[in-house]
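Observations on the model geometry
Given next are the chains, with one letter for each unit.
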Amino acid sequence: MKISLRGKGRSSTKLMVAAISLVCLSATGNSVLLPSPAQAAGSFADPAFQTLWARTDSLVASGQVKRSWLWGPQANSGALYEDYAEGASGKRLVQYLDKSRMEINNPNGDKNDRFYVTNGLLTVELITGYMQTGNNSRVLRWPAHIPLAGDTNVEIGPTYASFAGAITRKDETKSGQIVNAEVMDDGTLDFVHGGPDYANFDQYSVHYTYYEAVTGHNIPDIFWSFLNATGPVLSEGRQVTARLSDPYFYATGYPIADAYWAFSTVNGESTPVLIQPFQRRVLTYVPSAPEGFKVQVGNIGQHYYDWRYNDAGEPPVLTDSCENSPAAGFGKVYNDNLPVKLVLGCALASEFRVTITQQTFEHGLMLSVVHLDFYSNQYYDEVQALFVDNTAHSYHFYPVDMAAGASPPSGTIGSYSSTADFANVWSQNVEVGTKLGNPTANSSTVPAEADGTGGAPAQLFTGGLMLYRNLAGGQIYVLFNSSGNGYVSQGPHLKFSNIDHWAVYQDTYQP
C-alpha cells in the first residue's frame, strides 16, 4: 500500500489537500460605498496595466459611469518583481490594486494578446495557504484567516480559510435550484438550515443558472449576470459599449466552489452576504446594499498583499495562542511539518490512551478508536475507513458494550475475523466495500487499560487527531478533515470525528 506524506520540513504535500474573500465591500473594507470620482490612477508599472485599468475603471474614477470597481480606483503598489520560475530571469512584473494583482509573465509576448496581462490566482493561494512561485511550484505559508466580506478588523465572519472544505467538493449541476447553503466561520458547510424555517436565505430568491463543467461548480444568476454585463468601456481612446469581462472568466477565473451564504460583519452589524470564490477573485452579493452595488468584487488585492508582505491572517497555531501543545513524538511530527500543524490546528487536550483495532484490506485499512465518554461514562467507537488514495471516511457507534482492557465485540468479513463495527461498515456502505476491497488479514486489537496504560497514544485537535497505529513500528497517523473542522456534534456533549483524509509519518514515540 502506498503511503504518502513521509518526510520532514515545509515541502508541499498531500496533507494540505486544497486545505489545507470575501469582500471588503469598500476601499477601506469597512462599509458598502459607491465609487466616487477620483483623481487619475496612481502610477502604473507598465503601459499595458494602465490600458487594462482604463478600459473599465477610468470611467468610474472620472464619474462618467456609476458602477462598482472591477480593479480599484488606482494602483496601490509600485512595480514589484516577484519570484516566478517561468518568468524572465525567474521573476515577473506585478502590481497590486484593491481587487487584484496585475501580472506580465512574458514581457516579450504579443502585447495585443488579451491575456498578455493576467491577474493572479490569489483566491486559490489564500484559501489553500500555498503561494505560487511558478507554473508547477508553490511555497506553503498558511491559509489566510482574513475575512472575505465586510469589516476586516473583526473576529466574526468567514475567512478565506473557511472555504478550505468547499473547494475540495465537486458539485453536481443545480441549475434552477435556490441558493441557500451556508458556510460557517469554522468551515462547516450547512445544507440544511438555510431554508425558510431557519436562516431563510430563500427570501432573497437567488437561483443557480450556470454550471461550469471545467471546475464542477454552479454560478448563481446574480453573479452570472454580473460576469456577463455590458456597459460603457474605453477602447482606443473612445467610449463604446462592450462586455466588461470577455470572456466571462477573464478577470475572475473559473469558480472553485459553489456560492454560500454567510453572516458577515458589515459596518459593525451582522449582515447576510452571499459569497463565491473564483480562481482569481471573490464575488459577493449583499441584498441590503444599494441598487447597482449589491454585487461587488472583493478587495482580494489588498488582502493578498497584506498576507504576503505583512504576514496578515496567521492562524492560532502560528501565533502561539493555542492552550494545549502536543509533546513527545506527536510534538515532533507536528512542529517539524508545517502542513500537519496547519491542517490539525490547536490541540484540544493532552494525549491519552485509546483502544485501537486495525484490519488491512486490498486497498487500505480500517482503524477503530474506542473512547470513554466523560459525561456518560460509556464507550463509543469511531471507525475510520482509510483508502489507499489518502481519502477517508468516519463512522460512529455509541454506546459500545465493553469495558477497560476489553476488545470490541467480534464479527466477520468473509473468511476473516473482524469486529462487529468493521463488519457493519464494510457490508452496509457500498463505497467502503468497493474502495477497500476484501480484507487481507484478521483484525487485531490493543486494548487500553483503566489505569491509562496499554492501547495506543492519541491526541485530539480542532482539525482531526494523531495516533500511533504501531508503537514498535513508529507509525504516527494523522487523520484530518480538509475543512479544518474535524468533528461533528451529537447531543450536548458528544463530538464524533469527521475525517476525510489521512497521512502517516514514520517516527518514534520519543521527542
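Residue positions are given per chain, counted from 1 along the sequence in the order it is written. The predicted nature of this model means local features are confined to residues of pLDDT at least 70 and side-chain atom pairs, given and counted, to a pLDDT of 80 or more, with totals for whole chains, interfaces and linings taken over all residues. Each side-chain value is derived from all of the structure's non-hydrogen atoms; neither hydrogens nor water enter the calculation.

Helical segments are the DSSP runs of H or I of at least four residues, strand segments are the runs of E of at least two, and each set is numbered from the N terminus. When you go through the protein residue by residue, the secondary structure sums to eight helices and 29 strands. Over its C-alpha atoms the protein spans a radius of gyration of 25 Å, differing by no more than 12% from the 24 Å that the globule rule assigns to 511 residues. Sorting the 511 residues of the protein into buried and exposed places 54% on the buried side. For the protein, the exposed area adds up to about 21300 Å²; of that, 49% sits on carbon and sulfur atoms. Just so you know, the count uses Lys and Arg for positive and Asp and Glu for negative, and it drops His and the chain ends. By convention, charge coordinates are those of NZ in Lys, CZ in Arg, CG in Asp, or CD in Glu. Side chains of the protein give 31 positive and 46 negative charges; the mean places of these two sets differ by 9 Å. C-alpha atoms define the radius of gyration, and 2.2 Å times the number of residues to the power 0.38 defines the globule rule. Burial here depends on accessible area, computed with a 1.4 Å probe over protein chains only, as a share of the maximum for the residue type. Under 20% is buried, over 50% is exposed, and the range in between is partly exposed. Here the accessible surface of atoms and residues is derived via Shrake-Rupley with a 1.4 Å probe, and residues count as covered only by protein chains that are part of the display.

Bridge count between strand 11 (residues 230-235) and strand 12 (residues 238-243): six bridges; the pairing is antiparallel. For Val233, the partnering residue across the bridge sits in strand 12 and is Val240. Here a strand pair is declared whenever DSSP counts at least two bridges between the two strands.

Moving on, we come to the state of the cysteines. A pair of sulfur atoms, both from cysteines and within 2.5 Å, is called a disulfide here. If you walk through the whole model with that rule in mind, you get one disulfide. Linked covalently through their sulfurs, Cys322 and Cys346 form a disulfide whose S-S length is 1.9 Å. Of note, the bridge from Cys322 to Cys346 carries an S-S torsion of about -65° and is left-handed in sense. Of the two residues, Cys322 is situated in the loop between helix 4 (300-309) and helix 5 (328-336) and Cys346 in the loop between helix 6 (338-344) and strand 17 (352-361); the sequence distance between them amounts to 24 residues. For Cys346, a relative accessible area of 15% puts it in the buried group.

With that out of the way, let us pick up the environment of Pro290. Its place among the elements puts Pro290 in the loop between strand 15 (282-285) and strand 16 (295-297). Its relative accessible area of 38% is what places Pro290 among the partly exposed residues. Sequence-wise, Pro290 and Val478 are 188 residues apart; in three dimensions their C-alpha atoms are separated by 48 Å.

Moving on to the side chain of Ser264. Within the secondary structure, Ser264 sits in strand 13 (residues 260-266). Aside from chain neighbours lying at most four places away, what touches Ser264 is Ala149, Gly157, Pro158, Glu269, Ser270, Thr271, Val273 and Ile275. By definition, residues are in contact when any of their heavy atoms lie within 4.5 Å.

Before going further, it helps to examine the side chain of Asn180. Locating Asn180 in the fold gives a position in the loop between strand 6 (137-140) and strand 7 (182-183). Among the polar contacts listed, one links the side chain of Asn180 to the side chain of Asp202, at a separation of 2.9 Å. Sequence-distant contacts of Asn180, defined by excluding residues within four places in its chain, comprise Gly194, Gly195, Phe201, Asp202 and Trp261. The definition of a polar contact used here is a pair of N or O atoms within 3.5 Å, where within protein one atom must be able to donate a hydrogen and the other to accept one, and adjacent residues in sequence count solely through side-chain atom pairs.

With that settled, consider the pattern of salt bridges. Any two side chains of opposite charge can pair, so long as their charged atoms come close to each other. The working definition used for a salt bridge is a side-chain nitrogen of Lys or Arg within 4 Å of a carboxyl oxygen of Asp or Glu. All chains considered together, the criterion is met by 13 salt bridges. Put simply, Arg308 and Glu82 hold a salt bridge, and the shortest N to O gap is 3.3 Å. A residue pair is termed long-range when its members are at least 10 positions apart, and Arg308 in helix 4 and Glu82 in strand 1 (residues 80-88) qualify at 226 residues. On the basis of relative accessible area, Arg308 is assigned to the buried category, the value being 13%. For Glu82, a relative accessible area of 4% translates into the label buried. A network of salt bridges, in which partner residues are shared, links Glu82, Arg92, Arg101, Glu103 and Arg308.

Attention now moves to the sheet that holds strand 3 (residues 101-104). Overall, antiparallel pairing links the four strands, which are arranged 1-2-3-4 in an open sheet. Looking at the sheet topology across the chains shown, the edges are occupied by strand 1 and strand 4 (118-119). In terms of strand pairing, strand 2 (residues 91-96) meets strand 3 through four bridges, oriented antiparallel. Directly across from Val94, in strand 3, lies its bridge partner Glu103. Relative to strand 3, helix 1 (residues 47-61) is tilted by about 135°, and along the sheet it contacts strand 2 and strand 3. Only the contacting stretch of a helix is used when fitting its axis, a line to C-alpha atoms as for every element, and angles between N-to-C directions run 0 to 180 degrees.

Here we take up the environment of Val154. Counting through the fold element by element, Val154 comes out in the loop between strand 6 and strand 7. Take Val154: its relative accessible area is 25%, and that puts it in the partly exposed class. Remark: the alpha-carbon pair of Val154 and Glu212, spanning 58 residues in sequence, is separated by 33 Å.

To estimate the expected span of a helix, subtract one from its residue number and multiply by 1.5 Å. For helix 1, with 15 residues, the first-to-last C-alpha span of 18 Å runs short of the 21 Å given by 1.5 Å per residue. The seven residues ending at a residue and the seven starting there each receive a fitted axis; the angle between those axes is the bend at that residue. When the local axis directions of helix 1 are compared, the greatest deviation, roughly 60°, occurs at Ala54. When you tally the buried positions in helix 1, you get eleven out of 15 residues, the bulk of the element. Every buried residue of helix 1 is listed here: Ala48, Phe49, Leu52, Trp53, Ala54, Thr56, Asp57, Ser58, Leu59, Val60 and Ala61. Where helix 1 is buried, its residues meet strand 2, strand 3, strand 11 and strand 12. Its side-chain oxygen placed 2.8 Å from the backbone nitrogen of Ala48, Asp46 serves as the N-cap of helix 1.

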